[in-house]
Amino acid sequence: MNRRSVRLLAALAVTAAALTACSSDPVPAATGDGGTQQITHAMGTTTVPLHPKRVVVLDTDKVDTAVSLGIIPVGATQPPEIDTFPAYLGDLSSVKNVGEISEPDLEAIAALRPDLILGSKFRQEKFYDELSAIAPTVFTEKVGITWKDNFLLDGRALGQRQKAEDLLAGYERRARDLGAKIPNAAGIKVSIVRFMPAEIRVYGPDGFSGIVVGDVGLGRPERQKLAGKDDKRFDKVSPERIADLDGDVIFVTAQGPTAEAQRKKVVDGNLWKDLSAVKAGKAWDVPAEVWMTGIGVTAANKILDDIQSHLITA
């Protein structure tokens, strides 16, 4: 028997034990409100509770989506090197850690007795059958580029279709209004830089933060339009080509101790200090948990907050 089969059997055993717990157990089994609906998603069609009560989410965008819609997950995965949930979403101390995004802990998930699991084909396709054996599981297809469609799909699965549509429409309206208040918005070249543990990235028009910047109507440096590339989410920049990070303004992110060490090494160097935006005092640190891994409507609105505070003169 292979490792995944053993893991699946263990997870199902935990689930069975949980569902046969004594009736005095204060935590209900996975029942939702009684009604169900059919959700068509990246892996097929799944019957889910109309109003799930015990939701486990397997990516950072799903945390944002659930909280944005007024639902605190019972469990969530986390990115590498991160051991806390996003501060911008408020108090999530009740949420249980169920492993890393790329390696969810099936036993921990089963022990929470979820009535719905939200994940993505891009991240967790190989775990889908095992997760579906624990609870109804809905997967979105991609990450980042389809964040708005993902938000609406997850909203339907959570029984919050109308609220999700309203929140997304409200965000888009706010982005347009903000862009109208920024003089010559399209002429301001916004650079988006992310320091990773082993690389430096610039983010293009199809990354989450790039989409938000585009919704505002701001311009991008030519290097970050990623013209001619199939994947316009992001591109790598070598340490010798720091000049490629420049723009009229730069929003800078790093998440986790290794990435932060990479950021410090670069920004302390002469190549960084020679960037025109840095010389002009227009390079700003912003939270990676919002700009990079938030990937939801609350994070998008937080990006609008940052743009407003830096690009609109009081």
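Residues numbered from 1 in each chain as written. Predicted model: local features only at pLDDT ≥ 70, side-chain atom pairs only at ≥ 80, totals over all residues. Heavy atoms only, no water.

Asks: How would you summarise the pattern of salt bridges if you had to cite specific residues and measurements?
Replies: Tallied over the full model, the rule gives 20 salt bridges. Connected through salt bridges with shared partners, the residues Arg223, Lys229, Asp235, Arg241 and Asp244 form a single ionic network. (Salt bridge = Lys/Arg side-chain N within 4 Å of Asp/Glu carboxyl O.)

Asks: Pulling in residues and values, what's your account of the confidence of the model for the chain?
Replies: For the chain, the average pLDDT comes to 90, and 89% of its residues sit at 70 or higher. The model gives residues 13–32 a pLDDT under 50, and that stretch makes 23 contacts with residues more than four places away or in other chains. (pLDDT = per-residue confidence, 0-100. Contact = heavy atoms within 4.5 Å.)

Asks: Report on the sheet that holds strand β8 (residues 137–140), specifying residues and quantitative values.
Replies: What the 6 strands build is an open sheet, ordered β6-β5-β4-β3-β7-β8; its pairing is mixed. A single partner strand is all that each edge strand has here, and the edge strands are β6 (103–104) and β8. With 3 bridges connecting them, strand β3 (residues 55–57) and strand β7 (residues 116–120) associate as parallel partners. Looking across to β7, one finds that valine 56 is bridged to isoleucine 117. (Pairing = 2+ DSSP bridges. Helix = DSSP H or I, 4+ residues; strand = E, 2+ residues; numbered from the N terminus.)

Asks: Before we move on, can you summarise the packing of aromatic side chains with the specific residues and values?
Replies: Using the criterion set out here, one finds 7 aromatic pairs in the structure. On the basis of an interplanar angle of 65° and a centroid distance of 5.0 Å, the ring pair of tyrosine 128 and phenylalanine 139 is categorised as edge-to-face. With tyrosine 128 in helix α5 (residues 128–134) and phenylalanine 139 in strand β8, this residue pair connects regions lying 11 residues apart in the sequence. For tyrosine 128, a relative accessible area of 11% puts it in the buried group. Taken together, a centroid distance of 5.5 Å and an interplanar angle of 40° make the contact between tyrosine 203 and phenylalanine 234 tilted. Placement of tyrosine 203 in strand β10 (residues 200–203) and of phenylalanine 234 in strand β11 (residues 234–237) is noted, with a sequence separation of 31 residues between them. Linked through ring pairs, Trp147, Tyr171 and Phe208 together constitute an aromatic cluster. (Phe/Tyr/Trp six-rings, centres within 6.5 Å; stacked < 30°, edge-to-face > 60°. Buried < 20%, exposed > 50% of the residue type's maximum accessible area, 1.4 Å probe, protein only.)

Asks: Quick rundown of helix α6 (residues 147–157)? Include the residues and the values.
Replies: With 8 of 11 residues buried, α6 lies mostly within the body of the structure. Taken as a whole, α6 has its buried residues at Trp147, Lys148, Asn150, Phe151, Leu153, Asp154, Gly155 and Ala157. Positive backbone phi, approximately 75°, marks glycine 159, located one or two places after α6.

Asks: Residue-level account of the pairing of β10, with values.
Replies: Burial of the side chains of β10 extends over both faces: Ile200 and Val202 are buried on one face and Arg201 and Tyr203 on the other. The turn linking strand β9 (residues 190–195) back onto β10 is made up of 4 residues. Pairing between β10 and β11: 4 bridges, direction antiparallel. If you follow valine 202 over to β11, its bridge partner there is aspartate 235.

Asks: I'd love a proper account of the sheet that holds β11, names of residues and values included.
Replies: Spatial ordering of the open sheet is given by β11-β10-β9-β12-β13, a layout of 5 strands whose pairing is mixed. The open sheet is flanked by β11 and β13 (283–285), the only strands paired with a single partner. The sheet shows a mean angle of 30° between the axes of neighbouring strands, direction not considered. (Axes fitted to C-alpha atoms, helices over the stretch in contact; angles between N-to-C directions.)

Asks: An account of the nonpolar core is needed here, citing residue identities and associated values.
Replies: By size, the foremost hydrophobic cluster in this structure holds 58 residues, and its most contacted members are Trp147, Tyr171, Ile182, Leu218, Trp291 and Ile307. Once residues within four sequence positions are removed from consideration, isoleucine 307 is found in contact with Leu178, Ile182, Val213, Val216, Leu218, Phe251, Trp291 and Ile312. Counting residues in hydrophobic clusters, the runner-up holds 15 residues, among them Val74, Val98, Ile117 and Tyr128. (Core = buried A, V, L, I, M, F, W, Y, C linked by side-chain atoms within 4.5 Å.)

Asks: How would you explain the packing of helix α7 (residues 161–181) against helix α13 (residues 297–311) if you had to name every residue and give the values?
Replies: In helix packing, the relevant descriptors are the interaxial angle and the interaxial distance, both defined with respect to the helix axes. Orientation of α7 relative to α13, taken along the N-to-C sense of each, is 15°, at an axis distance of 10 Å. Classified by the angle their axes make, α7 and α13 are roughly parallel. Here the hand of the crossing between α7 and α13 comes out left-handed. When α7 is examined against α13, the residues Leu167, Leu168, Tyr171, Arg174, Ala175 and Leu178 are found in contact with a partner set consisting of Val297, Ala300, Asn301, Leu304, Asp305, Ile307 and Gln308. A class-by-class count of the residues in the contact of α7 with α13 yields 9 nonpolar, 2 polar and 2 charged. (Parallel < 35°, antiparallel > 145°, perpendicular 65-115°, else oblique. Left-handed = near helix turned anticlockwise from the far one by under 90°. Nonpolar A, V, L, I, M, F, W, Y, C, P; charged D, E, K, R; others polar.)

Asks: Provide a residue-level description of helix α9 (residues 257–267), including the pertinent values.
Replies: Of all the positions in α9, only Ala259, Gln262, Arg263, Val266 and Val267 are classed as buried. In a view along the axis of α9, the buried residues occupy a sector of 120°, so they form one face of it. Exposed residues lying more than 90 degrees from the buried face of α9 are Pro257 and Lys265. Buried residues belonging to α9 abut β9, β10, β12 (249–254), α10 (270–273) and β13. (Arc of directions from axis to C-beta.)

Asks: Break down the packing of α7 against helix α8 (residues 208–216) for me, with residues and values.
Replies: Running from N to C, α7 and α8 cross one another at 60°; their axes reach a closest spacing of 7 Å. Here α7 is positioned oblique relative to α8, judged by the angle of their axes. The residues of α8 that touch α7, namely those facing Tyr171, Ala175, Arg176, Leu178 and Gly179, are Val212, Asp215 and Val216. Its residues assigned to classes, the contact of α7 with α8 comprises 5 nonpolar, 1 polar and 2 charged.

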